[in-house]
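A look at the structure
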Amino acid sequence: MLFKKKSSVIDISHVPPALDADEAARIGYEHDRTLSKHAFYEGEHPMVRIEHLNKAFDDNVVLRDINLNVWPGEIVVVLGPSGSGKSTMLRCINLLETPTAGHILVNDQEITDASKTNVHKLREKLGMVFQSFNLFPHLTALENVMLGQTKVLKKSKEEARIEAIKQLEAVGLGDRIDYTPSQLSGGQQQRVAIARAVAMHPDVLLFDEPTSALDPELVRGVLDVMKDLAYNGGMTMIVVTHEMGFAREAADRVVFMEDGVVAEQGLPEEVFDHPKNPRTADFLGHIK
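As the structure is a computational prediction, the values presented were derived from the model and not from experiment.

**Section: the overall build of the protein**
Helix and strand counts for the protein come out as 10 helices and 12 strands. Against the compact-globule benchmark of 19 Å for 288 residues, the protein has a radius of gyration of 19 Å, which places it among compact chains. Taking the principal axes of its C-alpha atoms as reference, the protein extends roughly 55 × 45 × 40 Å. Per-residue burial for the protein yields a buried fraction of 52% across its 288 residues.

**So, the packing of helix α4 (residues 141-151) against helix α6 (residues 186-199)**
Interhelical geometry of α4 versus α6 gives an angle of 25° and a closest axis separation of 8 Å. The pairing of α4 with α6 is recorded here as roughly parallel in orientation. Considering only the axes of α4 and α6, their crossing is right-handed. The residues of α6 that touch α4, namely those facing Ala 141, Asn 144, Val 145 and Gln 149, are Val 192, Ala 195, Arg 196 and Ala 199.

**Observations regarding the sheet that holds strand β7 (residues 109-110)**
Strands sit in the order β4-β3-β6-β7 across an open sheet of 4 strands; the sheet is antiparallel. Unpaired on one side and paired on the other, β4 (60-70) and β7 mark the two borders of the sheet. Note that strand β3 (residues 48-57) and β4 share 7 bridges and pair antiparallel. Among the inter-strand pairings, Lys 55 is bridged to a residue of β4, identified as Leu 63. Lying on the sheet, helix α2 (residues 86-93) is in contact with β3, β4 and β6 (101-106); it crosses β3 at an angle near 115°.

**Concerning the pattern of salt bridges**
Taken as a whole and assessed by the stated rule, the structure comprises 14 salt bridges. With its nearest N and O atoms 3.7 Å apart, the salt bridge here joins Arg 220 to Asp 224. Residue Arg 220 and its partner Asp 224 are located together in helix α7 (residues 216-232), separated by 4 residues, close to a single helical turn. What makes Asp 224 partly exposed here is its relative accessible area of 40%.

**Re the pairing of strand β5 (residues 75-79)**
In terms of burial, β5 is largely enclosed, as 5 of its 5 residues are buried. Residue alternation in β5 divides its side chains into two sets, Ile 75, Val 77 and Leu 79 and Val 76 and Val 78, and both sets are buried. Note that β5 and strand β10 (residues 236-240) share 4 bridges and pair parallel. Residue Ile 75 lies in a different strand from β10, and its bridge partner there is Met 237.

**Observations regarding the packing of α4 against helix α5 (residues 157-170)**
Here α4 crosses α5 at 130°, and the two axes come no closer than 8 Å. In this view, α4 runs oblique relative to α5, as classed from their interaxial angle. Like other packed secondary-structure pairs, α4 and α5 cross with a definite hand, here right-handed. Side by side, α4 and α5 meet where Ala 141, Leu 142, Val 145, Met 146, Gln 149 and Thr 150 of the first sit next to Lys 157, Glu 159, Ala 160, Arg 161, Glu 163, Ala 164, Ile 165 and Leu 168 of the second.

**Observations regarding the sheet that holds β10**
An order of β8-β9-β10-β5-β11-β12 is seen for the 6 strands of this open sheet, with the pairing classed as mixed. Every interior strand has two partners, whereas the edge strands, β8 (126-129) and β12 (261-266), have only one. Sheet twist, expressed as the mean angle between neighbouring strand axes with direction ignored, is 20°. Lying over the sheet, α7 contacts β5, β9 (204-208) and β10, oriented at roughly 145° with respect to β10.

Criteria and thresholds
- Residues numbered from 1 in each chain as written.
- Predicted model: local features only at pLDDT ≥ 70, side-chain atom pairs only at ≥ 80, totals over all residues.
- Heavy atoms only, no water.
- Helix = DSSP H or I, 4+ residues; strand = E, 2+ residues; numbered from the N terminus.
- Rg over C-alpha atoms; globule rule 2.2 N^0.38 Å.
- Buried < 20%, exposed > 50% of the residue type's maximum accessible area, 1.4 Å probe, protein only.
- Axes fitted to C-alpha atoms, helices over the stretch in contact; angles between N-to-C directions.
- Parallel < 35°, antiparallel > 145°, perpendicular 65-115°, else oblique.
- Left-handed = near helix turned anticlockwise from the far one by under 90°.
- Contact = heavy atoms within 4.5 Å.
- Pairing = 2+ DSSP bridges.
- Salt bridge = Lys/Arg side-chain N within 4 Å of Asp/Glu carboxyl O.

What is shown is where atoms sit, not what they do.
Right under this line is the structure:
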């Protein structure tokens, strides 16, 4: 099967099988060990493994042969211009979009074979924070954070309440637990969304441009919560963002995407101060 974009042709009909887990871990370590601040250890396997990922909407190719590992506890920040495929890659990881070809594995379990994947079980492992908060307007902050715990994790209401209060206090909203979304600012709503995701104790937390819908004065509070998670939470995070300060300060690795491919990846200081790809340099030059 062929897809065309900008006079290029992509053959996605011969995508190889997913690598053996131990072989993938060995190859991934050799590739990534100088590109990340992550403290690798012998025999470690990636938490998320993406191999030859392609995504097309009809004849519009959005992702082209993406290969990327994310290691346990690693903070990977994905940058790039609008339309580069960042959010589509994130949405493929939790199957909000179905990949056209390729493999995504979480803890060495293939999730891209729909016949074998329980999507609801998968989403217990993959938390997602969206641009637009996605809170239930008729529920309080507390009830929004409790809902997934009771419905998906089957916790008792009391267990869910204790966890919800804990996470809302962690994001600075302990005094707003009985407020509905309409009574909260955009930044506060996004912090509720983060608390809701963390309360599920996922293996991986995905952020899809979490500050893009916020007024500038509200961005700092959300970024501070995310930084605290990055520094103290020990959680594996993949963050799609345009917040360069967060990327420089909090990321273990920065990935730059353009035109559906990973154009460059590396340590934050290397990507920001010494970009090797002209496209990366041009992008960063326009936003500094």
